[in-house]
Amino acid sequence: MRVLALLLLPPLQACAVQMPGLALPDYAAQQRETVKAMFIESYKQYSRFAWAHDDLQPESLSYKDSRNGWGASIVDSMSTMHIMGLEADLERAIAYATKIDFTRSKTSDTVSVFETTIRYMAGLLSVYELRGERLEDRALVDKAREVADKLAFAWVGDNDIPYGHIDFANDQPTTETSNIAEAGTLILEWATLSKHLNDSKYAGLAEKSFRHIIAMDTPLPGMPAQDIDPSTGQAVGGLICWDGGSDSYFEYLLKYARLFNPEDPIFVDAWITAIDSSITTLLHRSTVGNHLYTARYNSVSRSLQHASSHLACFHGGNWLYGGTLLKNDTIVSLGLDLIDACWNTYSSTATGIGPDEFAFDSVDGGYATEAGYISPEQTSFYSAHGFYVTSAYYLLRPEVLESNFYAWRITGDVKYVDRARDFVGSVQRYLKGRVAYDGLVDVMDARANGRKINDMESFWFAEVLKYLYLTFDDPAHVSIDDYVFNTEAHPFKAPPEAPWYGSGNFLPHRSPHSTSDEAPPHPMHSGMNVPLR
C-alpha cells in the first residue's frame, strides 16, 4: 500500500512567487559591482586566450573545446552580459554568434543534444527575448533554428525519445543509452523556438519525449528510472535520484507549466507526484546536525545509497519555487531545509566552497556502512558537520548559489544575501587562477594557491556569476515572476501565472516491478502529511 506524504486538495489559485518589497542590505550594491568586475575580468582573459573556443584554461593560458568548438563561453555569456549592462561585449558576442556555422562541429566530437540545447539554443533565444525581440536581432532566432534542425536527427523513425548525441558530419545518432535529464530537458527551449517561428514541429519533438517519460512505468510514483533506451523507450536499470542524469527533468516539469501555462495539468501533477515519492522514500536526515538530504534509491537491488551531490542541490530552490507557486507549506518548508543542508556543505569546508559529491548517515544506516572503510579524518569531519566529503572537487558549479538566489527572492531573508557575500569572498581568496578564475581540486585545501582544475566552463558566465549578480541586484530586475530560467540560467519571458496549476491529483502509478518490489518503508514517517520534523 502506498504511503502518501502530501495531502493534496483541489487545485488552488496560483500566486506570485517573488516576495514584494524586498529590501537589500547596504553592502549589496558594492557586492554586485564586485561580481560584475569578476565577469569582466573573466571574459577579458577568455577573449585574450580562448576567443571563439569553448572554455578558457586559466593555468595553461590556453583553451579547451568541450562543446564542439563553437565558442560556448560567448553564447552562454550573452544573457548575463545583457543583465549586467555590458552592451559593447554583448554586441561583439552577438556579431560572432550569428555567424557560427552550426551545421558542422569544429571538433571530431559528437554533438550533445542536451548540452547544445541548454547552452547554445537557450543562449540565443534568451538574449533575443531580453532585448525586446527586435527585428534586427532576428538572426539569433535563425541560428537557434539552424541548431535545432541538426539536433532533430536525434529522433529516429517513430521514436519518442531522442538519442543523446549526433555526428553532425552525417546526421547519425550515437545509438547508446540516454537518460531522463538529457531527453527531458528540451521542452523550454524547443517550445520557445516554436513560439518565435510560429512552427509547432520543434515543440512537438520535445513534448513527445517529455510526455513519454511522464507516462513510463516507474519504480516510485512519478519518478522514472534514470537511464532510458531511445530505441525502445524503456527504462534501463533502476536508479532513482535528484542528481545529474535525472535532475533537470524534474526541474522542467514545473518550469514548463509556469512558462507556457498549458491547459493539461499533467506536468504539475507529475512534479508533485515526484515530490511526494521523494518525501516518502528519498528524504533522510543526518544523524549529526539533522540536515535534510536526498538519498539515491536503486529499485533493482531495493537499496538506498545515502549520498548526494552538488548537482542535486538545485532541488531546494526548485521545491521552494514550486511550493510557493502552489501554496503548499510542506514543500516550502522542506525546500528551505534542503537549501540549508546544501549550504552546510559550503560553510563547513576550509575554503567555504562545497564539494562535488558528499554522503551522510541516517537512522536507517548510511555511508559509514555502505563505504566499507572510512578514515578517522572522515569520521571526525562527519561528527562535526553531518556529511562526508566523497569528491572534493569544486568544478565552478552553480546549483547551491541558484537555490540560494531563489531563497532570497522568495523569502526576503537577508541571510541568503549574506551567504552570497561569503561565497564572493571565498572566490577572491581561493578561486583566482593564473588568469581569471578556476575550479579547485580539493575544497578542503585552504592554501591560496591550492591546486586548480585548469578549466573555466561556460556556466561560470551563464550561471554562477548571473545568480550572484541578481542576488545583489534590484529584485525588480529580472523578477522570477516575470521570467523562467532554463537549467543553464537563461531567462525566458513568462506570461502572468495561470489561475491554477495541476489537477489536485497524483499521477496513477504503474510499476515495472511487482508490488513486492516497492520501496522499503521510510523510517522517518508512516502516514499522511508528515512534515519530517
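To be clear, the structure that these remarks concern was listed above.
Residues numbered from 1 in each chain as written. Predicted model: local features only at pLDDT ≥ 70, side-chain atom pairs only at ≥ 80, totals over all residues. Heavy atoms only, no water.

**Some remarks on the overall build of the chain**
Helix and strand content of the chain: 17 helices and 20 strands. A globule of 533 residues ought to have a C-alpha radius of gyration of about 24 Å, and the chain, at 22 Å, matches this closely. Principal-axis analysis of the C-alpha atoms places the extent of the chain at approximately 60 × 55 × 45 Å. Counting over 533 residues, the chain shows a buried share of 61%. For the chain, long-range pairs separated by at least 24 residues make up 74% of all intrachain contacts whose partners lie at least 6 apart in sequence. For the chain, the computed accessible surface area is about 18900 Å², with 50% contributed by carbon and sulfur atoms. Distance between charge centroids for the chain: 5 Å, based on 43 positive and 68 negative side chains. (Helix = DSSP H or I, 4+ residues; strand = E, 2+ residues; numbered from the N terminus. Rg over C-alpha atoms; globule rule 2.2 N^0.38 Å. Buried < 20%, exposed > 50% of the residue type's maximum accessible area, 1.4 Å probe, protein only. Contact = heavy atoms within 4.5 Å. Areas by Shrake-Rupley, 256 points an atom, 1.4 Å probe, with all protein chains shown as cover. Lys, Arg positive; Asp, Glu negative; His and termini not counted. Charge placed at Lys NZ, Arg CZ, Asp CG, Glu CD.)

**Section: the nonpolar core**
Formed by 174 residues in total, the largest nonpolar core has its most connected members in M78, Y394, F423 and W460. Per-element accounting of this core gives the leading share, 11 residues, to helix α4 (residues 113-130). The residues touching Y394, leaving out its near neighbours within four places in the chain, are H310, Y346, I353, G354, F423, L431, G439, L440, V443, I453 and V464. (Core = buried A, V, L, I, M, F, W, Y, C linked by side-chain atoms within 4.5 Å.)

**Considerations on the sheet that holds strand β7 (residues 227-229)**
An order of β6-β7-β8 is seen for the 3 strands of this open sheet, with the pairing classed as antiparallel. The open sheet is flanked by β6 (178-179) and β8 (234-236), the only strands paired with a single partner. In this structure, β7 lies alongside β8, joined through 3 bridges in antiparallel fashion. Residue pairing in the sheet places D229 in a bridge with Q234 of β8. (Pairing = 2+ DSSP bridges.)

**Regarding the side chain of D76**
Within the fold, D76 resides in helix α2 (residues 72-84). For the buried D76, no salt bridge is present, and the opposite-charge side chain at shortest range is R119, 4.4 Å distant. A polar contact is formed between the side chain of D76 and the side chain of H490, at a distance of 2.7 Å. Contact partners of D76, with chain neighbours within four places excluded, come to R119, S458, F459, A462, E488 and H490. (Salt bridge = Lys/Arg side-chain N within 4 Å of Asp/Glu carboxyl O. Polar contact = N/O pair within 3.5 Å; in protein donor to acceptor, adjacent residues only side chain to side chain.)

**Some points on the pattern of salt bridges**
Considering all chains together, one arrives at 30 salt bridges under this definition. The shortest N-O distance in the salt bridge between R134 and E136 comes to 3.7 Å. Since its relative accessible area comes to 60%, E136 is described here as exposed. Salt-bridge contacts for E251 lead to K255; the nearest nitrogen and oxygen are separated by 2.7 Å. Of this pair, E251 and K255 both sit in helix α9 (residues 247-260), 4 residues apart, roughly one helical turn. A single burial state applies to E251 and to K255, both of which are buried.

**Notes on helix α17 (residues 459-472)**
Taking 1.5 Å per residue as the helical rise, α17 with its 14 residues ought to reach 20 Å, and the 19 Å between its terminal C-alpha atoms agrees with that figure. Where α17 bends most, the angle comes to about 30 degrees, and this point is K466. Of all 14 residues that make up α17, 14 are buried, and the element is covered over most of its length. (Expected span 1.5 Å × (residues − 1). Bend = angle between axes of the 7 residues up to and from the residue.)

**Re the layout of surface pockets**
Rolled over the atoms, a probe as big as a water molecule pinpoints where empty space is left. The computed volume of the largest pocket comes to approximately 480 Å³. Put simply, the parts of the chain that give the lining of the largest pocket at least two residues each are α4, α6 (180-184), α9, α15 (399-411) and α17. Residues belonging to the lining of the largest pocket are distributed by class as follows: 8 nonpolar, 7 polar and 12 charged. (1 Å grid on protein atoms, 1.4 Å probe; cavity = no way out; pocket = protein on both sides within 12 Å on 5 of 7 lines; lining within 4 Å. Points joined across faces, edges and corners; volume = space filled by probe spheres on them. Nonpolar A, V, L, I, M, F, W, Y, C, P; charged D, E, K, R; others polar.)

**As for the environment of K201**
By the secondary structure assignment, K201 is in helix α8 (residues 201-215). Sequence spacing of K201 and A191 is 10 residues, and the spatial spacing of their C-alpha atoms is 9.0 Å. In this structure, K201 is in contact with D149 and S194, ignoring residues within four places of it in sequence.

**Remarks on empty space enclosed by the protein**
Considering all chains together, one arrives at 2 cavities of 30 Å³ or more under this definition. Put simply, the largest cavity is a space of about 70 Å³. E251, L254, K255, F314, G317, N318, Y321, E402, S403 and Y406 are the residues that line the largest cavity. Tallied by class, the residues present in the lining of the largest cavity amount to 4 nonpolar, 3 polar and 3 charged. Approximately 40 Å³ is the volume attributed to the second largest cavity. Looking at the second largest cavity, the residues that line it are K255, Y321, Y406, I480, Y483, V484 and F485. Here the lining of the second largest cavity gets 3 residues from one element, more than from any other, and that element is strand β19 (residues 483-485). Split by residue class, the lining of the second largest cavity holds 6 nonpolar, no polar and 1 charged.

**Considerations on the packing of aromatic side chains**
On inspection of all chains with the given rule, the structure shows 37 aromatic pairs. Judged by centre distance (5.2 Å) and plane angle (25 degrees), the rings of W343 and Y346 are stacked. Of this pair, W343 and Y346 both sit in helix α12 (residues 329-347), 3 residues apart, which is roughly one turn of that helix. The exposure class assigned to W343 is buried, which follows from its relative accessible area of 10%. Aromatic rings pair up to connect F210, W242, Y249, F250, Y256, F260, F267, F314 and W319 into one cluster. Residue placement shows R421 over the ring face of Y27; its charged tip is 4.0 Å from the ring centre. The positively charged end of K493 is found above the aromatic ring belonging to Y483, 5.0 Å away from the centroid. (Phe/Tyr/Trp six-rings, centres within 6.5 Å; stacked < 30°, edge-to-face > 60°. Lys NZ or Arg CZ within 6 Å of the ring centre and 35° of its normal.)

**Remarks on α15**
End to end, α15 covers 18 Å across 13 residues, agreeing with the expected 18 Å (1.5 Å per residue, within 8%). The buried fraction of α15 is high, at 12 of 13 residues. Looking at α15, one finds that the buried residues are E399, V400, L401, E402, S403, N404, F405, Y406, A407, W408, R409 and I410. G412, located one to two residues past α15, shows a positive phi value of around 75 degrees.

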